[in-house]
Amino acid sequence: MDSFGSDFSAGGAGGKMDTGTIMEQVKVQIAVANAQELLQRMTDKCFKKCIGKPGSTLDNSEQKCIAMCMDRYMDAWNTVSRTYNSRLQKERARM
């Protein structure tokens, strides 16, 4: 059984976890999945952009290209994320 399933049976009174604990675990798992997806997309895009002929090593220009590509990708993702979160907060405040 995976660790997520075993957490439910190991929790508090009568083997039940409170809703808050479960929600926090779900939030953490979603955050991990999002980080993994971000890393995978960034790797794919930067590899396609920077690596012309895959080999056993990266030359200097490929290393620089990948580093710059990843920096730009993370900067763009952070900007979009901050803007999205800001808009969500504004929408919640209107409700």
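In this numbering scheme, every chain counts its residues from 1 along its sequence in written order. For a predicted model such as this one, the threshold for reporting local features is a pLDDT of at least 70, and the threshold for listing and counting side-chain atom pairs is 80 or more; totals across whole chains, interfaces and linings nevertheless cover every residue. Water and hydrogen atoms play no part in the side-chain values, which are based on all heavy atoms of the structure.

Where an unreviewed UniProt entry is consulted, the protein chain appears under the name Mitochondrial import inner membrane translocase subunit, with the organism given as Hippocampus comes. UniProt positions are given in the numbering used here, feature names are shortened, and annotations may be inferred rather than shown by experiment. Note on the protein chain: under the UniProt heading Subcellular location (unreviewed entry), the record states "Mitochondrion inner membrane". We quote the UniProt Sequence similarities (unreviewed entry) comment for the protein chain here in full: "Belongs to the small Tim family."

S.K.: Looking at this structure, how should I read the overall build of the protein chain?
M.R.: Here a strand is any run of E in DSSP of at least two residues, a helix any run of H or I of at least four, and the numbering for each starts at the N terminus. When helices and strands are counted, the protein chain shows three helices and zero strands. Reading the protein chain from its N terminus to its C terminus gives the helix and strand order α-α-α. Across the 95 residues that make up the protein chain, the buried fraction comes to 12%. In this analysis, two residues are considered to be in contact whenever any of their non-hydrogen atoms come within 4.5 Å of each other. Sequence-distant contacts, at least 24 apart, represent 28% of the contacts inside the protein chain between residues at least 6 apart. Working definition of accessibility: Shrake-Rupley area with a 1.4 Å probe, residue cover restricted to the visible protein chains. Accessible area for the protein chain stands at about 7,800 Å²; split by element, carbon and sulfur atoms hold 58% of it. The cut-offs for exposure are 20% and 50% of the maximum accessible area for each residue type, with area from a 1.4 Å probe on protein chains only; residues under the lower value are buried, those over the upper are exposed, and the others partly exposed.

S.K.: Help me out: how do you make sense of the nonpolar core in this one?
M.R.: The nonpolar side chains of a soluble globular protein tend to be buried, and buried together. Listed in full, the six residues of the largest apolar core are Met 42, Cys 46, Cys 50, Ile 51, Ile 66 and Cys 69. Among the elements that line this core, the one with the most residues is helix H2 (residues 19–50), at three residues. Residues contacting Cys 69, with those up to four places away along its chain left out, are Cys 46, Lys 49 and Cys 50. Put simply, buried Ala, Val, Leu, Ile, Met, Phe, Trp, Tyr and Cys residues joined by side-chain atoms within 4.5 Å make one nonpolar core.

S.K.: What should I look at first to understand the pattern of salt bridges in this one?
M.R.: Any two side chains of opposite charge can pair, on the condition that their charged atoms come close. The salt bridge definition used is simple: a Lys or Arg side-chain nitrogen within 4 Å of an Asp or Glu carboxyl oxygen. Here the structure, examined in full by the defined rule, presents three salt bridges. Where Glu 24 meets Lys 27, a salt bridge forms, and the shortest distance between an N and an O atom there is 3.8 Å. Residue Glu 24 and its partner Lys 27 are both found in helix H2; the two are separated by three residues, about one turn of the helix. A salt bridge links Arg 41 to Glu 37; the nearest nitrogen and oxygen atoms lie 2.7 Å apart. Residue Arg 41 and its partner Glu 37 are both found in helix H2; the two are separated by four residues, about one turn of the helix. Taking the relative accessible area as the measure of exposure, Arg 41 reaches 47% and is therefore partly exposed.

S.K.: Quick question: what am I supposed to make of the packing of H2 against helix H3 (residues 60–94) here?
M.R.: For any two helices packed against each other, the geometry is given by the interaxial angle and the distance between the axes. The axes used here are C-alpha line fits, helices contributing only the stretch in contact, and every angle between their N-to-C directions lies in the interval 0 to 180 degrees. Where H2 contacts H3, the two axes come as close as 9 Å, and the packing angle between them is 140°. Looking at the two axes, H2 sits oblique to H3. Where H2 crosses over H3, the two elements pack in a sense that is right-handed. Residues Leu 38, Arg 41, Met 42, Lys 45, Cys 46, Lys 49 and Cys 50 of H2 touch H3, and the partners they reach there are Glu 62, Cys 65, Ile 66, Cys 69, Met 70, Arg 72, Tyr 73, Met 74 and Trp 77. Charged means Asp, Glu, Lys or Arg here, nonpolar means Ala, Val, Leu, Ile, Met, Phe, Trp, Tyr, Cys or Pro, and polar covers whatever is left, Gly included. Classifying every residue of the contact of H2 with H3 by side-chain character gives eleven nonpolar, no polar and five charged. Our angle categories are set so that under 35 degrees counts as roughly parallel, over 145 as roughly antiparallel, 65 to 115 as roughly perpendicular, and the remainder as oblique. The sense of a crossing depends on the near helix, which, turned anticlockwise from the far helix by less than a right angle, makes the crossing left-handed and, turned clockwise, makes it right-handed.

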